[in-house]
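Read off the chains here:
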Amino acid sequence: MASSTTGEKKILTLKGGDNEEFILEESLVLQSELLKNMVKEERVSSIPLPSIKSKTLVKIIEYLKKHAELTPSNKEEFKNFEKEFVNVVLEELLDITVAVNYLKINGLLEFCCQAVADRIKDKSVEAVRKIFRIESDFTPEEESEFRKETPEAFEGDLDDTTN
Amino acid sequence: MLYQTNQSKAKDLMNNMELHDDLVVEIISYLPLKKLIQCKTLNKKFNHLLSDPNFVETHALPPVLTLLYSESISPKIYNKISPYPISTCSNNIETRQSYVEVPKVVASCNGLLLLLYWSILDTLCVFNPITGMKQCLGSDYPNSDQYTVVMVQVIGKQKGYELNMFSSEDTAGVLWQGYQLTTDSASFEYFFSKPAYLHHTLYWLMADGCVLAFDTKKKSARILNNSLHVIKHLPNGDNRIRIGYYTWFGVAKGKLHLVCTLKKYIVVVAYDDKIQNWEVVYTVANFRTGLNMNGRPLCLDNKRLLFLVYRRSEDGALYEYDFKTETYRILVLVPTKFLERQAFVPFVPTLAKVRNNDSLHAIYPTEISQLITFALDMLKQLFSLDN
């Protein structure tokens, strides 16, 4: 657990859900408000993140690296990267969004929320319920009243697969 | 040891590793408005969360629709300006006109419109243009707990005000209940401002700079301490806010606000409940678009201030001032013909229920019920979010 230093750069280890370790520069994780506070308060060199799948963590670290390299001249390139970044199956995108929300990476959270919203905007209420695992607690009467008032809410794409 | 603290901390935060409601609400706030409103039907909790006026406030949803009502003799015209999303084509202004009597939009609160039919014995109608649900007041009394209508009138300058309240919670069978506030300096409501609603209380800006408040829960009226005419610390040594055409009165960030365009500045003042006085919260340098141009503030929230600018021999323009970037930009060009004798009602849609009295023909003669529904259908079409 000894903190290791290479020159000026501090190195930090993140441990994903399946105990896979990711070694990266401390400066990169400072983009996450949560990790920043952990590093500052407790001077740790290793942070376990058991609830985040390694697959998700790989994606997020990839983003952190790209974002750190962002300069005015490669803005276009970064935009393309962002586009590709969210071009994953919906289930994975939701995993990433949840993890980013947990890690408090602000710019990325907004981007992920927008990406999820774009994916579900044409879906029916029924499909959105399934995607977010929300149970309706309306009575059948209330439900049929909604259907009468806003029939278009219940039309839309019924596909609720998160793939 | 450090490792352990981290572990327990991580455990605490484990709860955040689910797709919990707060995050879903956050995602929903990025949906197009029409879909967002539909999400109220997900379940009861979301219905409540998304119907809460705070939701609009926290997520700084853009004011979507602004309705203008033209009072020209004939035809009667409703115009709708939708400033967002910003587009260069002209379809952000829509119009419906009628040669038949249509009601005046007298107020708008949390997505419900209050309409007044002059010709039908001053009938008032609460209307949700999104769902099409309506209730004509004065015909029967409702039992849902959704809305309150309060009318205020001056009984005499030396005597005070009379307020009449209609509540949809009232099941006692009394339609309108009267309350009085005695004061020796009653003033008329300032013509161009609409009443504001905050924490169960309605506020009217009066022409003398005083604000009349009516608490709909406690059912008591009072005048706020300190008139708007005596605000201190105005820029440029100005010491007097002029209530007029170029002021906006309403609720933003959970407080009462007044926006006033002075010669060189736009001043935003807010009422601080603790010190019971008005305070200048923002001063923005007035933009310069040429001579004889003044902006009429229309709408204020966390992110932006919208105002309409009249320009001589040119189309008017709906401007936005962005508080974050501190810049102005034009959202929509508004042809001069839309700007004559109108009243604006900023409007954010809701699916909130209105106790529907469907069977108007049971209450009114056929011609009258047709007249009522005609205008409502027109408004519903205008507000359709399909476009």
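Residues numbered from 1 in each chain as written. Chains lettered and ligands numbered in written order. Predicted model: local features only at pLDDT ≥ 70, side-chain atom pairs only at ≥ 80, totals over all residues. Heavy atoms only, no water.

Attention now moves to the packing of aromatic side chains. Under the defined criterion, the tally for this structure stands at 12 aromatic pairs over all chains. Plain terms: the ring middles of Y321(B) and Y328(B) are 4.8 Å apart, the flat faces sit at 55° to each other, and that makes the pair tilted. A relative accessible area of 5% places Y321(B) in the buried class. Of the aromatic side chains, those joined through ring pairs into one cluster are Y282(B), F307(B), Y319(B), Y321(B), F323(B) and Y328(B). Here the basic side chain of K59(A) rests over the ring of F85(A), its NZ or CZ set 4.6 Å away from the ring centre. Above the face of the F81(A) ring, K66(A) is positioned so that its terminal group lies 5.8 Å from the ring centre. (Phe/Tyr/Trp six-rings, centres within 6.5 Å; stacked < 30°, edge-to-face > 60°. Buried < 20%, exposed > 50% of the residue type's maximum accessible area, 1.4 Å probe, protein only. Lys NZ or Arg CZ within 6 Å of the ring centre and 35° of its normal.)

Let us now look at the nonpolar core. In a soluble, globular protein the nonpolar side chains are often hidden away together inside. Formed by 63 residues in total, the largest nonpolar core has its most connected members in L14(A), L35(A), I47(A), L49(A), L103(A), F132(A) and I28(B). No other element matches helix α5 (residues 90-103) of chain A, which puts nine residues into this core. Of the residues that make up this core, three or more belong to each of domain 1 (11-120) and domain 2 (125-154) of chain A. In contact with I28(B), not counting residues within four places along its chain, are L36(B), C39(B), L42(B), F46(B) and L50(B). Listed in part, the 21 residues of the second largest apolar core include L115(B), F127(B), I372(B) and L376(B). (Core = buried A, V, L, I, M, F, W, Y, C linked by side-chain atoms within 4.5 Å. Helix = DSSP H or I, 4+ residues; strand = E, 2+ residues; numbered from the N terminus. Domains from an automatic or database assignment. Contact = heavy atoms within 4.5 Å.)

This part takes up empty space enclosed by the protein. All names here are of chain A. Per the counting criterion, the structure on display carries two cavities of 30 Å³ or more. Lining the largest cavity we find K66, E69, L70, N74, E77 and F78. For the lining of the largest cavity, the class distribution of residues is two nonpolar, one polar and three charged. As a volume, the second largest cavity reaches approximately 40 Å³. Contributing to the lining of the second largest cavity are L14, S32, L35, L49, L57, I60, I61, L64, L103 and I105. (1 Å grid on protein atoms, 1.4 Å probe; cavity = no way out; pocket = protein on both sides within 12 Å on 5 of 7 lines; lining within 4 Å. Points joined across faces, edges and corners; volume = space filled by probe spheres on them. Nonpolar A, V, L, I, M, F, W, Y, C, P; charged D, E, K, R; others polar.)

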